[in-house]
Amino acid sequence: MAKSILVTGGAGYIGSHAVLQLLQGGFRTVVVDNLDNSSEVAINRVVELAGEFGKNLTFHKIDLRNKDALDKIFASTNFDAVIHFAGLKAVGESVQKPLLYYDNNIIGTITLLEIMAAHGCKKLVFSSSATVYGWPKEVPCTEEFPLFAMNPYGQTKLIIEDICRDIYRSDSDWKIILLRYFNPVGAHPSGDIGEDPRGIPNNLMPFVQQVAVGRRSALTVYGNDYSTKDGTGVRDYIHVVDLADGHIAALQKLFESNIGCEVYNLGTGKGTSVLEMVAAFEKASGKKIPLVMAGRRPGDAEIVYASTAKAEKELNWRAKYGIDEMCRDQWNWASKNPYGYASPDSTN
Ligand code: NAD
Ligand code: WQD
């Protein structure tokens with residue numbers, strides 16, 4: 001019998017790529033998403049890309065905090081596990097609207113965990129973030145590093161990690177994997193699904209992409225006086241397809257071992273500067289990205305990259321792609337869909 005997986009936030013950037021890989025891996029997949037930061041077009045594209053497996057996807061436009069609706073979904077299917085992507089993720093917005101973030105991310109997760117427990121589904125993969133390392137004192141970041149939230153968004157990730165550890169302590173039937181993603185970029189090689197942020201992008205690569213297609217005039221580089229190779233911030237960019245693969249590896253671990261509650265970094269272990277990333281994208285796209293140098297963005301760390309040893313050893317997973325493939329696939333998506341899933345006149 002094919003296993004059934006509930007995916008919250010499955011219409012979003014990372015979720016849509018993971019859902020495609022789940023379908024291709026033979027899983028039945030039920031997506032719950034309120035489409036607050038995504039489009040149903042992404043779901044339709046995933047169904048098309050999955051071909052004969054597309055019929056194994058069911059989509060519910062539901063907010064995770066709607067307990068009755070969630071309960072009905074769990075009553076109609078016996079889920080083998082849940083992958084929980086749903087959440088708000090804009091750091092700046094979380095500083096402006098902390099209650100929105102605590103309500104959506106924390107209450108949404110608590111509601112999900114309550115319904116899972118009520119239906120005896122106790123296997124979970126959760127989207128945590130490298131943001132929980134704050135401004136790391138050294139690199140690479142290992143899973144044992146001290147944790148620190150720099151903003152309400154990061155705080156929600158820390159709180160949810162703690163909730164998961166407490167749940168496992170209270171009931172050892174739970175098996176939970178917390179995945180700390182570094183900087184996901186790129187798109188599916190088909191160019192049919194990818195990242196499509198609403199409004200002005202907060203993150204580097206969606207901004208670069210919008211400059212390349214002519215939607216923005218220049219990239220503002222936040223700081224060129226860091227103690228790094230070229231003065232710009234260094235991050236661990238990871239191809240979203242590799243990241244999605246990491247979720248399949250985590251699921252296998254949940255099904256095949258007595259894992260308890262464990263945390264894994266998902267990154268490449270390599271640090272790349274802003275200017276190196278821009279150069280790689282210019283090479284992949286053939287487009288010049290005009291730059292405006294500016295001061296440091298408040299709250300930004302200097303250098304962040306992952307230690308990948310634990311995921312390699314215990315999940316038997318490692319990233320396959322480098323920044324050239326990330327930029328190639330991101331440009332393929334951008335050039336095929338310059339306005340993402342929307343039409344040009346419906347965006348800003
Ligand atoms: P995304 O915004 O593209 O996807 C999140 C999805 O969750 C969206 O489709 C949104 O509509 C949905 N959602 C949000 N709140 C919901 C709710 N209450 N009920 C139902 N659906 C809801 O973001 P993403 O980049 O795909 O990120 C997925 C997860 O990974 C998030 O939890 C995010 O915090 C985490 N993460 C992302 C990054 C990154 O840089 N993209 C890095 C680390 C961690
Ligand atoms: C990368 C580098 C910027 C935009 C954020 C969240 C983190 C996680 C991933 C969810 C930095 C520089 C950026 C721009 C720039 N998300 N930059 N001009 O800050 O590492 O992490 O996304 O969990 O929580 O904080 O990613 O893409 O915003 O920035 O120069 O317009 O690019 O200063 O050095 P970051 P980012």
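See the structure shown above.
Residues numbered from 1 in each chain as written. Chains lettered and ligands numbered in written order. Predicted model: local features only at pLDDT ≥ 70, side-chain atom pairs only at ≥ 80, totals over all residues. Heavy atoms only, no water.

Trainee: What am I meant to see in the side chain of Arg215 here?
Mentor: By the secondary structure assignment, Arg215 is in the loop between α7 (204–212) and β8 (219–222). Look at Arg215: it is buried, it has no salt bridge, and the nearest opposite charge is Asp196 at 5.2 Å. At a separation of 2.8 Å, a polar atom in the side chain of Arg215 contacts the main-chain carbonyl oxygen of Pro338. (Helix = DSSP H or I, 4+ residues; strand = E, 2+ residues; numbered from the N terminus. Buried < 20%, exposed > 50% of the residue type's maximum accessible area, 1.4 Å probe, protein only. Lys, Arg positive; Asp, Glu negative; His and termini not counted. Salt bridge = Lys/Arg side-chain N within 4 Å of Asp/Glu carboxyl O. Polar contact = N/O pair within 3.5 Å; in protein donor to acceptor, adjacent residues only side chain to side chain.)

Trainee: Help me understand the nonpolar core in this model?
Mentor: One broad rule of soluble globular proteins: the nonpolar side chains tend to lie buried together. Counting 46 residues, the largest nonpolar core has Ile5, Leu22, Ile177, Leu179, Leu251 and Leu315 as the members making the most contacts within it. If one sorts the elements of this core by residue count, helix α8 (residues 240–256) sits on top with 9 residues. Those residues in contact with Ile177, other than ones at most four positions away along the chain, are Leu124, Val125, Phe126, Ala250, Lys253, Leu254, Ile259, Glu262, Tyr264 and Leu315. Leu64, Ala69, Ile115 and Ile167 belong to the second largest nonpolar core, which has 28 residues in total. (Core = buried A, V, L, I, M, F, W, Y, C linked by side-chain atoms within 4.5 Å. Contact = heavy atoms within 4.5 Å.)

Trainee: Sorry if this is basic, but what is going on with the packing of aromatic side chains here?
Mentor: One pass over the structure, following the stated rule, counts 5 aromatic pairs. Linked through ring pairs, Tyr133, Phe145 and Phe182 together constitute an aromatic cluster. The residue whose ring lies beneath Lys3 is Phe255, and the NZ or CZ to ring-centre distance is 4.8 Å. (Phe/Tyr/Trp six-rings, centres within 6.5 Å; stacked < 30°, edge-to-face > 60°. Lys NZ or Arg CZ within 6 Å of the ring centre and 35° of its normal.)

Trainee: Help me understand helix α5 (residues 98–118) in this model?
Mentor: It helps to recall that an α-helix has 3.6 residues per turn; residues three or four apart then point in one direction. Helix length check: α5, at 21 residues, gives a terminal C-alpha distance of 29 Å against a target of 30 Å (1.5 Å per residue), a fit within 8%. Every buried residue of α5 is accounted for by Tyr101, Asn104, Asn105, Ile106, Gly108, Thr109, Thr111, Leu112, Leu113, Ile115 and Met116. Tucked inside the fold, the buried residues of α5 contact β1 (4–8), α3 (67–76), β4 (81–84), α4 (91–96), β5 (123–129) and α6 (152–170). Residue Gly120 follows α5 closely and has a positive phi angle near 70°. (Expected span 1.5 Å × (residues − 1).)

Trainee: I keep staring at the environment of Ile167 and nothing clicks. Help me out?
Mentor: When you line up the elements, Ile167 lands in helix α6. The spacing of Ile167 and Lys97 is 70 residues in sequence and 28 Å in space, taken between C-alpha atoms.

Trainee: Looking at this structure, how should I read the site of ligand 2?
Mentor: Within the structure, ligand 2 sits among 18 residues, and Ser129, Tyr153, Thr220, Arg235 and Asp300 are positioned closest to it. Ser129 places a polar side-chain atom, nitrogen or oxygen, 2.7 Å from an oxygen atom of ligand 2. Separating an oxygen atom of ligand 2 from a side-chain N or O atom of Asn203 is a distance of 3.0 Å. Here ligand 2, which alone exposes 690 Å², has 88% of that area covered by the protein. (Near = heavy atom within 4 Å. Areas by Shrake-Rupley, 256 points an atom, 1.4 Å probe, with all protein chains shown as cover.)

Trainee: Help me understand the site of ligand 1, please; the structure alone is not making it clear to me.
Mentor: If you check the shell around ligand 1, you find 28 residues, and the closest are Asp33, Asn37, Ser38, Lys89 and Tyr153. Contacts to ligand 1 include Asp33, whose side-chain N or O atom sits 2.6 Å from an oxygen atom. In the model, a nitrogen atom of ligand 1 is placed 2.9 Å from a nitrogen or oxygen of the Asn104 side chain. Here ligand 1, which alone exposes 820 Å², has 95% of that area covered by the protein. Within the residue set of the shell around ligand 1, elements represented by two or more residues are α1 (13–24), β5 and α6. Ranked by the residues each element gives to the shell around ligand 1, the list is headed by β5, at 3 residues.

Trainee: Please clarify how the sheet that holds strand β11 (residues 261–266) should be interpreted in this entry.
Mentor: Sheets are built from strands paired through backbone hydrogen bonds, the pairs being either parallel or antiparallel. Taken in spatial order, the 7 strands make up an open sheet running β3-β2-β1-β4-β5-β6-β11, and their pairing is parallel. Each of the sheet's edge strands pairs with one partner strand only, and the pair in question is β3 (57–61) and β11. Shown here is a sheet whose adjacent strand axes are inclined to one another by a mean of 20°, direction ignored. In the sheet, β1 pairs with β4 via 4 bridges, with the strands oriented parallel. Paired with Thr8 across the two strands is His84, which belongs to β4. In the packing of α3 onto the sheet, contacts are made with β1, β2 (28–33), β3 and β4, and the angle to β2 comes to roughly 175°. (Pairing = 2+ DSSP bridges. Axes fitted to C-alpha atoms, helices over the stretch in contact; angles between N-to-C directions.)

Trainee: Would you take a moment to explain the side chain of Asn34 for this structure?
Mentor: Topologically, Asn34 is positioned in the loop between β2 and α2 (40–50). At 2.9 Å, the side chain of Asn34 and the backbone nitrogen of Asp36 are in polar contact. At 3.1 Å, the side chain of Asn34 forms a polar contact with the side chain of Asp63. Once residues lying within four places of it in the same chain are set aside, the contact partners of Asn34 are Lys61, Ile62 and Asp63.

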